[in-house]
Amino acid sequence: MNIRHLAEADYDRVISVIDEWWGGRMMSDMLQRLFFIHFQETSFVIEEKHKIIGFLVGFPSQTDPNIGYIHFVGIHPKARKEGHARILYEAFFEKIKELGCDNVLCVTSPVNKGSIAFHKRMGFTFKPGTKVVNGISIYENYDGPGKDRIIFTKSLYEKRT
């Protein structure tokens, strides 16, 4: 297994499988080439035998320099539950801390139960939204009409008492 920074050359390889990795959900529109060009330093790929099995696209917020934002994460369906996502997140956490960020934000869809469970295991909490469904705080219409989202937040430093 090899972890490295994302490169523009990875775009075609990732975009060709992304919708398949999401079970046919159209996700490719959310991951434009610009991310592979402009956010390489804070984005990562995991490869095995020269095949991409996972990636994370993230960057520091320009609005709030204390926040690192994870835009998109993908793990090949056959490689899930093997710790690859955790490795990618930890690489991002370390890099973003070097850049002065204290907190990480990320967003997922309320239908993505696997993502919700993963983020909870990683120590993320729900940011208060506009409604609560099944005990989960949700932002209605966050990404446009009918596109509700869950926003997660995580402190990169333990609180000292």
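Each remark here, short or long, concerns the structure printed above.
Heads up: these notes are all about the structure in this document. Everything quoted here is computed from the prediction, not taken from an experiment.

1. Comments concerning the packing of helix α4 (residues 84-98) against helix α5 (residues 113-121)
1) Next: Packing of α4 against α5 brings their axes to within 12 Å, and their N-to-C directions diverge by 55 degrees. By the angle between their directions, the pair α4 and α5 is classed as oblique. For the element pair α4 and α5, the recorded crossing hand is right-handed. Judged by residue contacts, Ala-85, Arg-86 and Tyr-89 of α4 engage Phe-118, His-119 and Arg-121 from α5.
2) Next: Looking at the contact of α4 with α5 residue by residue, the classes come out as 3 nonpolar, 1 polar and 2 charged.

2. A word on the nonpolar core
1) Next: Leu-56, Ile-70, Tyr-89, Phe-92, Phe-93, Val-104 and Phe-124 are the most contacted members of the largest nonpolar core, which totals 27 residues.
2) Next: Listing elements by their share of this core, those giving two or more residues are β2 (44-48), β3 (51-60), β4 (67-75), α4, β5 (103-108), α5, β8 (136-138) and β9 (150-155).
3) Next: Among the elements that take part in this core, α4 stands out by supplying 7 residues, more than any other.
4) Next: Within the second largest apolar cluster, 16 residues are counted, among which are Leu-6, Met-27, Phe-59 and Phe-72.

Basis of the calculations
- Residues numbered from 1 in each chain as written.
- Predicted model: local features only at pLDDT ≥ 70, side-chain atom pairs only at ≥ 80, totals over all residues.
- Heavy atoms only, no water.
- Axes fitted to C-alpha atoms, helices over the stretch in contact; angles between N-to-C directions.
- Helix = DSSP H or I, 4+ residues; strand = E, 2+ residues; numbered from the N terminus.
- Parallel < 35°, antiparallel > 145°, perpendicular 65-115°, else oblique.
- Left-handed = near helix turned anticlockwise from the far one by under 90°.
- Contact = heavy atoms within 4.5 Å.
- Nonpolar A, V, L, I, M, F, W, Y, C, P; charged D, E, K, R; others polar.
- Core = buried A, V, L, I, M, F, W, Y, C linked by side-chain atoms within 4.5 Å.
- Buried < 20%, exposed > 50% of the residue type's maximum accessible area, 1.4 Å probe, protein only.

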